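One letter stands for each residue in the lines below.
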Amino acid sequence: MDVGFIGLGVMGQPMALQLARSGAESIVWNRTAARCAPLREAGARVAVDVDEVFAKAPVVILMLANSAAIDATLGRDTPAFGARVAGHTVVHMGTTSPEYSRALGAEVRAAGGRYVEAPVSGSREPAEAGLLVAMLAGAERDVAEVRPFVAPMCRETFLCGQVPGALLMKLAVNLFLITTVTGLSESFHFAERQGLDTKLFLDVLDAGPMASGVSRMKAPKLLARDFGVQAAALDVLMNNRLVADAARSSGVASPLLDVCHSLFTDTVALGHGGEDMIAVLRAIEARTEALGAAG
């Protein structure tokens, strides 16, 4: 096997499918076994457990939800950790704090393994189309080994120096994404409450300099009130916290992000954490209703 892939969630499954269809000999595992079925159909081997992935593949990609899931999968702080990572290149493609990634990379290397960060920018639809943008960090030789496996999932890949340079780059990109989608949702809400034709508003927006790939992806969802997940509000809140923590640890202000944090906290508290990030619209609507009630 050329490469292992662990974590077949909303993003991981289409990413692993792109890799399998590229001709790479891949072996996959996921905690929920049913998520492996499309990979088997695409020609990937399905492992019975995590240890089989590491036994078969010299390079193992992790696309997992958070640091706790990564630690559990690798058996960190247990004897299994060294046995799994020694002699392997571990590729962290999810989003965690830079400090966590730095520490994990050091432990992998101390156990005789290699470590590369490769977080991606994009949501489910770009993942399905192989149009993600990847940021890679790590030792030059290790990144060169990993880059051919990342390329089939992506439109472009960028080298970001040493760990945790790729994750810091991803957090900077996420700050822009979170504030942009929140601003789009608020402007849509403003137009709607002013009695404007919201389709016309979105058409005007699309014709002007503010149009972007993000606005063109999210605008139809706002118009249809389609909250089907491309990037879940709960995940956005987690990412928001990661960016805010990184900002605070380096003494950097993040005023726009702090407002978004409050709004996404409200979104999740209102029960919309499993919906797409444009569900922040619901939190904005709730604040408008609160203003009306107070008046």
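Right above here is the structure, for reference.
None of the values given here were measured: they were computed from a predicted structure.

A. Region of interest: the overall build of the protein. Counting its secondary structure elements, the protein contains 14 helices and nine strands. A compact globule built from 295 residues should have a C-alpha radius of gyration of about 19 Å, and the protein, at 20 Å, falls within 12% of that. Projected onto the principal axes, the alpha-carbon positions of the protein cover approximately 65 × 45 × 35 Å. For the protein, with 295 residues in total, the buried portion stands at 49%. Accessible surface for the protein amounts to roughly 13200 Å². Of this, 58% is attributable to carbon and sulfur atoms. The protein carries 26 positive and 31 negative side-chain charges, and their two centres are separated by 2 Å.

B. Summary view of the pattern of salt bridges. Per the stated rule, a full pass over the model turns up 17 salt bridges. For Arg 114, the salt bridge identified is with Glu 145, shortest N-O distance 4.0 Å. Of this pair, Arg 114 sits in strand 6 (residues 114–117) while Glu 145 sits in helix 8 (residues 140–150), and the two are 31 residues apart along the sequence. We note a salt bridge from Arg 141 to Asp 142, for which the minimum N-O separation is 3.6 Å. What makes Asp 142 buried here is its relative accessible area of 7%.

C. Inspection of the packing of helix 9 (residues 165–193) against helix 13 (residues 255–269) at higher detail. Their axes nearest at 10 Å, the elements helix 9 and helix 13 cross at an angle of 65 degrees. Regarding helix 9 and helix 13, the two cross each other, and that crossing is left-handed. Facing Leu 175, Ile 178, Thr 179 and Thr 182 of helix 9, the residues of helix 13 in contact are Leu 256, Leu 257, Cys 260, Leu 263 and Phe 264. Its residues placed into classes, the contact of helix 9 with helix 13 shows seven nonpolar, two polar and no charged.

Scoring rules and cut-offs
- Residues numbered from 1 in each chain as written.
- Predicted model: local features only at pLDDT ≥ 70, side-chain atom pairs only at ≥ 80, totals over all residues.
- Heavy atoms only, no water.
- Helix = DSSP H or I, 4+ residues; strand = E, 2+ residues; numbered from the N terminus.
- Rg over C-alpha atoms; globule rule 2.2 N^0.38 Å.
- Buried < 20%, exposed > 50% of the residue type's maximum accessible area, 1.4 Å probe, protein only.
- Areas by Shrake-Rupley, 256 points an atom, 1.4 Å probe, with all protein chains shown as cover.
- Lys, Arg positive; Asp, Glu negative; His and termini not counted.
- Charge placed at Lys NZ, Arg CZ, Asp CG, Glu CD.
- Salt bridge = Lys/Arg side-chain N within 4 Å of Asp/Glu carboxyl O.
- Axes fitted to C-alpha atoms, helices over the stretch in contact; angles between N-to-C directions.
- Left-handed = near helix turned anticlockwise from the far one by under 90°.
- Contact = heavy atoms within 4.5 Å.
- Nonpolar A, V, L, I, M, F, W, Y, C, P; charged D, E, K, R; others polar.

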